[in-house]
Amino acid sequence: MEKLELLYEGKAKKVFKTDRPDVYLVQYKDDATAGNGAKRGTIRGKGAVNNQVTNHLMKFLEGKGIPTHLVEELSETETLVKKVQIVPLEVIVRNVAAGSLAKRLGMEEGTKLNCTVLEYCYKDDALGDPLVNDYHIAALGAATPEELRQIADYSMKINQELGEYLKTAGIELIDFKLEFGRDVNGNIILADEISPDTCRFWDVKTHAHLDKDLFRRDLGGEEEAYREVMHRLLGK
């Protein structure tokens, strides 16, 4: 598989064309950002952790009936993925009050929610990725009602399957962000990544952070935490 020109460079990844029109190459970076890019830095080894953890969890979810964009892991930081048209929504699944939800609703961080909360944000950096609801999504034409139902169903199943699996590694799934895309046949599939960058992972016993909040909140120890997640899940 030949890597061709750079298509897109985001905060955490680069996406390249390949010699197959339906397959892209994703290269994960060590760059770290928070606050919509207001804070920037580097977490050494982050790209390798996020790539391998994402692929491991995507394979797990494929086995549970969730279609994903994963094609093949090429190296510690590079993976082949299916070409998709990204649905311009960030899907946030919340099990425990933390981060912006805790602030928004005046809840103490760490409070178990009475039910899983599903939120949508419109993907637009210039607007700060604002919260939207089903009506906004329909008005924007971001997704059809059928697509949104599929996205919601997949998201809740992912939450259930991942939550149970991560507990076996001593990790509590507090909340996480998902992105979905339309494949070449128009089917909704899971895309982007599932990693300490996009999930709040807490140690089940100590509630220690094992995610990007360590960088976001200047707590330190983020390199060790990312490696710990990979060690628990992949034994590396």
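Predicted model only: the values in this text are computed from it and were never measured. All residue numbers refer to position in the chain's written sequence, counted from 1. Local features in this predicted model are restricted to residues whose pLDDT is 70 or higher, and side-chain atom pairs enter the listing and the counts only when it is 80 or higher, whereas totals over whole chains, interfaces and linings include all residues. Each side-chain value is derived from all of the structure's non-hydrogen atoms; neither hydrogens nor water enter the calculation.

S.K.: Lay out the overall build of the chain with the relevant residues and their values.
M.R.: Numbering goes from the N terminus for both helices and strands, where a helix is a DSSP run of H or I of at least four residues and a strand is a run of E of at least two. Within the chain, the regular secondary structure consists of six helices and 14 strands. Its C-alpha atoms give the chain a radius of gyration of 17 Å, near enough to 18 Å, the size a compact globule of 236 residues would have. Partly exposed residues are those whose accessible area sits between 20% and 50% of the maximum for their type, while under 20% is buried and over 50% is exposed, using a 1.4 Å probe and protein chains only. Burial analysis of the chain (236 residues in total) assigns 50% to the buried set. Whether two residues are in contact is decided by their heavy atoms: any pair within 4.5 Å suffices. The long-range fraction of contacts in the chain, counting pairs at least 24 apart against all pairs at least 6 apart in sequence, stands at 56%. When charges are counted, Lys and Arg are positive and Asp and Glu negative, with His and the chain ends excluded. The atoms used to mark charge sites are NZ of Lys, CZ of Arg, CG of Asp and CD of Glu. The chain carries 33 positive and 40 negative side-chain charges, and their two centres are separated by 1 Å. Here the radius of gyration uses the C-alpha set of atoms, whereas the globule reference equals 2.2 Å times the residue count to the power 0.38.

S.K.: Quick one: what's the story with the sheet that holds strand E2 (residues 13-18), residue by residue and with numbers?
M.R.: Strands pair in a sheet through their backbones, by hydrogen bonds, and they do so in one of two ways: parallel or antiparallel. At least two DSSP bridges between two strands are required for those strands to pair. Within the open sheet, the five strands sit side by side as E1-E2-E3-E7-E6. Their pairing is antiparallel. Where the open sheet ends on each side, the last strands, each with one partner, are strand E1 (3-9) and strand E6 (70-73). Put simply, the sheet's adjacent strands are angled 30° from each other on average, direction ignored. Both E2 and strand E3 (residues 23-28) contribute to a ladder of five bridges, which runs antiparallel. Opposite Lys13, over in E3, you have Tyr28 as the bridge partner. Its contacts with the sheet put helix H1 (residues 46-62) on E3, E6 and strand E7 (78-82), and the angle it makes with E6 is roughly 130°. Between N-to-C directions, angles cover 0 to 180 degrees, with each direction set by a line fitted to C-alpha atoms, over the stretch in contact for helices.

S.K.: Report on the nonpolar core, specifying residues and quantitative values.
M.R.: For the purposes of this section, nonpolar cores are sets of buried Ala, Val, Leu, Ile, Met, Phe, Trp, Tyr and Cys residues that join through side-chain atoms within 4.5 Å. Grouped together as the largest cluster of nonpolar side chains are 46 residues, with contacts concentrated most on Ile158, Leu178, Phe180 and Leu190. The element contributing the most residues to this core is helix H4 (residues 145-167), with eight residues. If near-sequence neighbours (up to four positions away) are discounted, Leu178 is found in contact with Leu89, Glu90, Val91, Val93, Ser155, Ile158, Leu190 and Ile194. Membership of the second largest hydrophobic core comes to five residues, among which are Val15, Tyr24, Val26 and Tyr28.

S.K.: Provide a residue-level description of the pairing of E2, including the pertinent values.
M.R.: Pairing between E1 and E2: four bridges, direction antiparallel. Within the sheet, the bridge partner assigned to Leu6 lies in E2 and is Phe16. In this antiparallel pair of consecutive strands, E1 and E2, the connection spans three residues.

S.K.: So, the packing of aromatic side chains: which residues are in play, and what are the values?
M.R.: Classification of ring pairs uses Phe, Tyr and Trp, with its six-membered ring standing for Trp, and accepts pairs whose centres are within 6.5 Å; under 30 degrees between planes counts as stacked, over 60 as edge-to-face, and the remaining range as tilted. With the rule as written, the count across this model stands at two aromatic pairs. Between Phe60 and Tyr165 the ring centres are 4.5 Å apart and the planes differ by 20°, which places this aromatic pair in the stacked class. Here Tyr165 lies in helix H4 and Phe60 lies in helix H1, a separation of 105 residues in the sequence. Counted as over-ring charges are cases with an Arg CZ or a Lys NZ within 6 Å of the ring centre that also lie within 35 degrees of the ring normal. Sitting over the face of the ring of Phe16, Lys3 holds its NZ or CZ atom 4.6 Å from the ring centroid. The ring of Phe215 has Lys39 lying over it, and the distance from NZ or CZ to the ring centre is 4.4 Å.

S.K.: Let's hear about the pairing of strand E10 (residues 112-122): which residues, and what values?
M.R.: Pairing of strand E9 (residues 89-96) with E10, which is carried by seven bridges, proceeds in the antiparallel orientation. Bridging across to E10, Val91 finds its partner in Tyr120. Bridge analysis of E10 against strand E11 (residues 131-132) gives two bridges, and the strand direction is antiparallel. By the bridge assignment for E11, Cys121 is matched with Leu131.

S.K.: With reference to specific residues and values, describe the pattern of salt bridges.
M.R.: Each reported salt bridge corresponds to a side-chain nitrogen of Lys or Arg within 4 Å of a carboxyl oxygen of Asp or Glu. Summed over the entire model, instances satisfying the criterion amount to 26 salt bridges. Salt-bridge contacts for Arg149 lead to Glu146; the nearest nitrogen and oxygen are separated by 3.7 Å. Here Arg149 pairs with Glu146, and both are found in helix H4, just three residues apart, close to one helical turn. As far as the burial class goes, Arg149 and Glu146 line up, both exposed. Two residues, Arg216 and Asp213, come together in a salt bridge whose shortest N-O distance is 2.2 Å. Taken together, the residues span about one helical turn, with Arg216 and Asp213 both in helix H5 (residues 213-216) at a distance of three residues.

S.K.: For the state of the cysteines, give the residues involved together with the corresponding values.
M.R.: Our working definition of a disulfide is a cysteine sulfur pair at a distance within 2.5 Å. Enumeration according to the criterion identifies zero disulfides in this entry. For the unlinked cysteine Cys115, the closest cysteine sulfur is that of Cys121, found at 17 Å. With no disulfide of its own, Cys121 lies 15 Å from the sulfur of Cys199, the closest cysteine sulfur.

Distances and angles like these do not, on their own, reveal function.
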